[in-house]
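# Fold and geometry: a report
Single-letter residue listing:
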Amino acid sequence: MKFLKNINKLSGCKAAILTNQSAFGFNGKYHFQTYAEIFDLKTIFLPEHGLFAELQDQVSGDELKYLFGDMQIVNLYGKEEKSLVPPKESLTGVDVIIIDIKDVGSRYYTFLTTAYYILLELSRLKKETGKAPIFLVIDSPNPIGKKVEGTPLQKEFESFVGVTSVLHRHGLTPGGLLTYYNETFQLKVDVVVVPVGVFHPKSISQFEWVPPSPNIPTQSTCLVYPGMCLLEGTNLSEGRGTTKPFETFGAPYLVGKAKEELDKRMDLHQSDDFRLRPLRFLPTFHKYTGIICEGYQLMVLKPKQFHSLYFILYFLKQLGELFPKEFEYLKGVYEFRSDRPAIELLAGDSTLLDYLYGKLSESELSEYLDQSERRWIKLTKPFRY
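Thresholds applied
- Residues numbered from 1 in each chain as written.
- Predicted model: local features only at pLDDT ≥ 70, side-chain atom pairs only at ≥ 80, totals over all residues.
- Heavy atoms only, no water.
- Buried < 20%, exposed > 50% of the residue type's maximum accessible area, 1.4 Å probe, protein only.
- Helix = DSSP H or I, 4+ residues; strand = E, 2+ residues; numbered from the N terminus.
- Pairing = 2+ DSSP bridges.
- Right-handed = clockwise from strand over helix to strand, strands pointing away.
- Contact = heavy atoms within 4.5 Å.
- Phe/Tyr/Trp six-rings, centres within 6.5 Å; stacked < 30°, edge-to-face > 60°.
- Axes fitted to C-alpha atoms, helices over the stretch in contact; angles between N-to-C directions.
- UniProt positions renumbered as here; feature names shortened; annotations may be inferred.

## Considering the pairing of strand β3 (residues 40-46)
Walk down a regular strand and you will see the side chains alternate between the two sheet faces. With 5 of its 7 residues buried, β3 lies for the most part within the structure. When strand β2 (residues 14-19) meets β3, the two strands line up parallel, connected through 5 bridges. The residue bridging Lys14 from the neighbouring strand is Asp40, located in β3. The handedness of the β2 to β3 crossover, carried by helix α1 (residues 31-38), is right-handed.

## Digging into the environment of Val255
With respect to the secondary-structure elements, Val255 resides in the loop between β8 (248-251) and α6 (256-267). Of the residues examined, Val255 reaches a relative accessible area of 44% and is grouped as partly exposed. When the C-alpha atoms of Val255 and Gln206 are compared, they prove to be 35 Å apart, with 49 residues separating the residues in sequence. Excluding residues that lie within four positions of it along the chain, Val255 makes contacts with Glu294 and Phe323.

## Thoughts on the packing of aromatic side chains
Inspection of every chain in the model, using the stated rule, returns 33 aromatic pairs. Between the aromatic rings of Tyr116 and Tyr117, the centroid separation amounts to 5.9 Å while the plane-to-plane angle is 45°, which identifies the pairing as tilted. Where Tyr181 meets Phe185, the ring centres are 5.9 Å apart and the plane angle is 10°; that geometry is what we call stacked. In textbook terms, an aromatic cluster arises when at least three aromatic residues are bridged by ring pairs, as seen for Tyr77, Tyr116, Tyr117, Phe160, Tyr180, Tyr181, Phe185, Phe336, Trp376 and Phe383.

## Looking at the sheet that holds strand β10 (residues 293-300)
The 3 strands lie next to each other as β8-β10-β9, forming an open sheet whose pairing is antiparallel. The strands lining the two open edges of the sheet, one partner per strand, are β8 and β9 (274-281). Each neighbouring strand pair of the sheet contributes to a mean axis angle of 30°, computed without reference to strand direction. Relative to β10, β9 runs antiparallel, the two sharing 8 bridges. In the sheet register, Arg277 faces β10, and the bridge partner there is Gln297.

## Let's talk about the UniProt feature "domain: Peptidoglycan beta-N-acetylmuramidase NamZ C-terminal" (unreviewed entry) in the protein
UniProt marks residues 223-383 with the feature "domain: Peptidoglycan beta-N-acetylmuramidase NamZ C-terminal" (unreviewed entry), using the numbering shown here. This span, residues 223-383, is 40% helix and 12% strand, and a straight line between its end C-alpha atoms measures 21 Å.

Structure below.
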């Protein structure tokens, strides 16, 4: 891994870029506009949601079009799984692949998985031809810091929403995580990182926050996302179709004595670290469109102590016990995989699934999480920039 503080050293090189609207602010422009003045910018790779986060989750970007003169637009989130991998010809005619896109600190978030797939293709290209473009990562701060949560994703659960060995909340910057991939998986690509502070400020105020995707409207969304994303694998609304996705959640069936018991149990779990505000909401799209849902707003009181993943694992286990007829884990295709339900791909760990299905105690789960997190912190120490 190398650091580069003066990007002008690569001035004039032919370049391609993975980016979206989250890379904004340097010189008051979108960063791809600035790079077009420095590089001979040939190609823009589109991640999930599009260049300006126009599209909802799991919506193909095949129909997106932009007017950028002779610049090529390559969509890396289409209708078929093969669209996730950049075509070989898009990598061979350039000197530099620029990665300038914000992450939110969770392994499910697909932007850095797209970057990882580009990295894999560069590794294959280098093995085949002996050379490949420089992989230039414009680093940006992790909006939820260096704290970690969760367990390593097991190989059998790998998908577009999770790369093997990574924790649910990884605690790394984009430069750190992509360098970890390159070195851990021995990809041998020439990775160069531009440190945080060169193009992206070292800290982001709430007034400078640009939503990297439609359902990450604020920094507080990032804080709960490492756990609350698991709701995508259930028949609860994760708040899509509201103004507070992942912080607002619920379902029409959360009523009656079982709901009263659920509230009592949740009051005993990490009770000083968060507050659940009971509410009713009506999603305007996605799950339960136009149907009143009973649920909550998750309000984090102590960000440094709150464990989002443990929160949602505990919550889902209680639902399974209290609403056995109503609560369900969803089946069907999820992020191009149909052989496993979404909850397995998101949890990514057979031990966590055992807990959800009642085969593991609270103390066993807590100890397992703690040990996994300690190992990850030690393992990733060289990649914590």
